[in-house]
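Listed here are the chains, written in short residue letters.
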Amino acid sequence: MISRRRYGLGPGAVILILILALFLLIVTATGLGYIRVPPGQVVGIMLSRAPGGAGLTAGLDDAHRRVVLEVRLPRILTAAAVGAGLALAGVIFQGLLLNPLADPYTLGVSAGAAFGAALSLLLALDFLGPYTVSLLAFLGALAALAAVLALASRDGRISPTSLILSGVIVAAILSAGLSFIKYAAGEHVSTIIFWLMGSLVARNWLHAGLTTAATLSGFILAAFYARDLNIIALGQRTSDSLGVDTRKVRLTLLAAASFVASVCVSVSGIIGFVGLIVPHLMRLLVGPDNRVLLPASAAAGGLLLLAADTVTRTALPHEVPIGVLTALIGGPYFCYLFRREHMAGAHD
């Protein structure tokens, strides 16, 4: 096990390194592609969008400026925001439900959001313009989470094992619904299938702004309740005795995590296991304190998904849907975690 004490790094230093690494990856990834743009030019083009920075692009190739601002940077920022949002949701779900296997994917929240978004695409709904897909994705995520909690609860208590099983059941039902949507889509089925596999192709500034705003708002709310989240992790009796309104905090953070996950899914499609892997890795580095774990996981989630997207975009002969890549990485890790928890329960 890697310990932060082994390297003499405190939690603050780890978070700072992660944020710096994320910024460097954003700059590097923006310069990679068929048209190579030097890092210095990338930074200059990015700063030119700031007030008074228009002169920084003087003398630069206009093609470079257009590639960076209109093609690559929106997609890259969207990837970072989606990764941060999914990891943030994973931390919240695991902390509230006291289940190390909980994340938007395993709880069926991603499937619910995907069902709502796919239904919106099938029916061509646009009563809220570009935000219609996100709204239906959010409603689908909330409905899926409510169904999972209802199935898993017994006498007011939720079993960690039954929670994951309930998530599998709900996700299977929603998968059947998605299959029907794909059948009914006719000639447009290829678009829905590619979207469901998870993709960040052709994402624009609207997508970047939407995912960033959702992730940032969810992070601020979660950070506000981080201390309460720490206390809830000690158990129902302890949290009640310390004056924490467990029901209020749980409902608020469950809604916030579902909102963030649904917005991310509505933009990127289903990208699994980011919310499962990242929180566990960050607990090894910064510990279980959610006041530190939340920002560390958000930064690491953005770093992981952006790295995966950069690999699919620049290193592979043909671009692979990013959801496929994260599933190939996260699937074996999920099996390891499930086996570890099963063995721990057997010894108890």
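Residues numbered from 1 in each chain as written. Predicted model: local features only at pLDDT ≥ 70, side-chain atom pairs only at ≥ 80, totals over all residues. Heavy atoms only, no water.

## Observations regarding the overall build of the protein chain
Part 1 of the argument: If you tally the helices and strands in the protein chain, you get 14 helices and 2 strands.
Part 2 of the argument: Against the compact-globule benchmark of 20 Å for 348 residues, the protein chain has a radius of gyration of 21 Å, which places it among compact chains.
Part 3 of the argument: A burial count over the protein chain gives 48% of its 348 residues as buried.
Part 4 of the argument: Once local pairs closer than 6 in sequence are excluded, the contacts in the protein chain between residues at least 24 apart make up 74%. (Helix = DSSP H or I, 4+ residues; strand = E, 2+ residues; numbered from the N terminus. Rg over C-alpha atoms; globule rule 2.2 N^0.38 Å. Buried < 20%, exposed > 50% of the residue type's maximum accessible area, 1.4 Å probe, protein only. Contact = heavy atoms within 4.5 Å.)

## Looking at empty space enclosed by the protein
Part 1 of the argument: Summed over the entire model, instances satisfying the criterion amount to 1 cavity of 30 Å³ or more.
Part 2 of the argument: Taken as a whole, the largest cavity spans an internal volume of roughly 30 Å³.
Part 3 of the argument: What lines the largest cavity is Leu-86, Asp-103, Pro-104, Tyr-105, Ser-110, Ile-271, Gly-272, Phe-273, Val-274 and Gly-275.
Part 4 of the argument: Tallied by class, the residues present in the lining of the largest cavity amount to 6 nonpolar, 3 polar and 1 charged. (1 Å grid on protein atoms, 1.4 Å probe; cavity = no way out; pocket = protein on both sides within 12 Å on 5 of 7 lines; lining within 4 Å. Points joined across faces, edges and corners; volume = space filled by probe spheres on them. Nonpolar A, V, L, I, M, F, W, Y, C, P; charged D, E, K, R; others polar.)

## So, the nonpolar core
Part 1 of the argument: Counting 82 residues, the largest nonpolar core has Ile-92, Phe-93, Leu-107 and Leu-253 as the members making the most contacts within it.
Part 2 of the argument: Counting residues per element, this core draws most heavily on helix H3 (residues 62-97), which supplies 16 residues.
Part 3 of the argument: Ile-92 has contacts with Ala-222, Leu-253, Ala-257 and Leu-294, leaving out every residue within four places of it along the chain.
Part 4 of the argument: By size, the runner-up hydrophobic cluster in this structure holds 7 residues, among which are Leu-101, Phe-273, Phe-334 and Leu-337. (Core = buried A, V, L, I, M, F, W, Y, C linked by side-chain atoms within 4.5 Å.)

## Re the confidence of the model for the protein chain
Part 1 of the argument: Summing up the model confidence of the protein chain, the mean pLDDT is 86 and the portion of residues at 70 or higher is 91%.
Part 2 of the argument: Every residue in residues 1-6 is under pLDDT 50, and counting partners more than four places away or in other chains gives 11 contacts. (pLDDT = per-residue confidence, 0-100.)

## What about the packing of helix H1 (residues 11-31) against helix H13 (residues 290-315)?
Part 1 of the argument: Closest axis-to-axis distance for the H1/H13 pair is 9 Å, and the angle between their directions is 25°. By the angle between their directions, the pair H1 and H13 is classed as roughly parallel. Taken as a pair, H1 and H13 cross one another with a handedness that is left-handed. Where H1 approaches H13, its residues Pro-11, Ile-15, Leu-18, Ile-19, Ala-21, Leu-22, Leu-25, Ile-26 and Ala-29 are matched on the opposing element by Val-292, Pro-295, Ala-296, Ala-299, Ala-300, Gly-302, Leu-303, Leu-306, Ala-307, Thr-310 and Arg-313. (Axes fitted to C-alpha atoms, helices over the stretch in contact; angles between N-to-C directions. Parallel < 35°, antiparallel > 145°, perpendicular 65-115°, else oblique. Left-handed = near helix turned anticlockwise from the far one by under 90°.)

## Focus: unusual backbone geometry
Part 1 of the argument: The phi angle at Ala-202 is positive, at roughly 60°, despite the residue not being glycine.
Part 2 of the argument: If you trace the backbone, Ala-202 turns up in the loop between helix H7 (189-196) and helix H8 (205-224).
Part 3 of the argument: Backbone geometry at Phe-273 places phi at a positive 75°, although glycine is not the residue there.

## So, helix H5 (residues 132-152)
Part 1 of the argument: When the terminal C-alpha atoms of H5 are compared, their 30 Å separation across 21 residues agrees well with the 30 Å that a helix rising 1.5 Å per residue should span.
Part 2 of the argument: Residues Thr-132, Val-133, Ser-134, Leu-136, Ala-137, Phe-138, Gly-140, Ala-141, Ala-144, Leu-145, Val-148 and Ala-152 constitute the buried set of H5. (Expected span 1.5 Å × (residues − 1).)

## Observations concerning the side chain of Thr-106
Part 1 of the argument: For Thr-106, the location among the structural elements is in the loop between H3 and helix H4 (109-123).
Part 2 of the argument: Taking the relative accessible area as the measure of exposure, Thr-106 reaches 8% and is therefore buried.
Part 3 of the argument: Here the side chain of Thr-106 touches Leu-101 through a polar contact of 2.7 Å, landing on its backbone oxygen.
Part 4 of the argument: Once you skip the residues sitting within four places of it in the chain, Thr-106 turns out to touch Leu-101, Ile-164, Gly-167, Val-168 and Phe-334. (Polar contact = N/O pair within 3.5 Å; in protein donor to acceptor, adjacent residues only side chain to side chain.)

## Topic: the environment of Ala-79
Part 1 of the argument: Here Ala-79 shows up in helix H3.
Part 2 of the argument: According to the relative accessible area criterion, Ala-79 is buried, its value standing at 0%.
Part 3 of the argument: Sequence-wise, Ala-79 and Val-249 are 170 residues apart; in three dimensions their C-alpha atoms are separated by 29 Å.
Part 4 of the argument: When neighbours within four sequence positions are excluded, Ala-79 is seen to be in contact with Leu-200, Leu-305, Leu-306 and Asp-309.

## A few points about the pattern of salt bridges
Part 1 of the argument: Applying the stated rule across the entire model yields 6 salt bridges.
Part 2 of the argument: When salt bridges with common partners are traced through the structure, they connect Asp-62, Arg-65, Arg-66 and Glu-70 into a single cluster. (Salt bridge = Lys/Arg side-chain N within 4 Å of Asp/Glu carboxyl O.)

## A short note on the packing of aromatic side chains
Aromatic ring pairs: the centre-centre distance and the angle between the two ring planes describe each pair.
Part 1 of the argument: Following the criterion strictly, the structure yields 3 aromatic pairs and no others.
Part 2 of the argument: Centroid distance Tyr-105 to Phe-273: 4.9 Å. Interplanar angle 45°. Geometry classified as tilted. With a gap of 168 residues between them, Tyr-105 in the loop between H3 and H4 and Phe-273 in the loop between helix H11 (246-268) and helix H12 (274-286) connect regions that are remote in the sequence.
Part 3 of the argument: Residue class for Phe-273 comes out buried when judged on its relative accessible area of 9%.
Part 4 of the argument: Judged by centre distance (5.1 Å) and plane angle (85°), the rings of Phe-224 and Tyr-225 are edge-to-face.
Part 5 of the argument: Here Tyr-225 falls in the buried class, since its relative accessible area comes to 11%. (Phe/Tyr/Trp six-rings, centres within 6.5 Å; stacked < 30°, edge-to-face > 60°.)

## A few points about helix H2 (residues 39-47)
What sets the pattern is the α-helix's 3.6 residues per turn: residues three or four places apart point alike.
Part 1 of the argument: All of the buried residues along H2 are Val-42, Gly-44 and Ile-45. Burial along H2 is one-sided: seen end-on, the buried residues are contained in an arc of 165°. Opposite the packed face of H2, turned more than 90 degrees from it, sit the exposed residues Pro-39 and Gly-40.
Part 2 of the argument: Packing partners of the buried residues in H2 comprise H1 and H3. (Arc of directions from axis to C-beta.)

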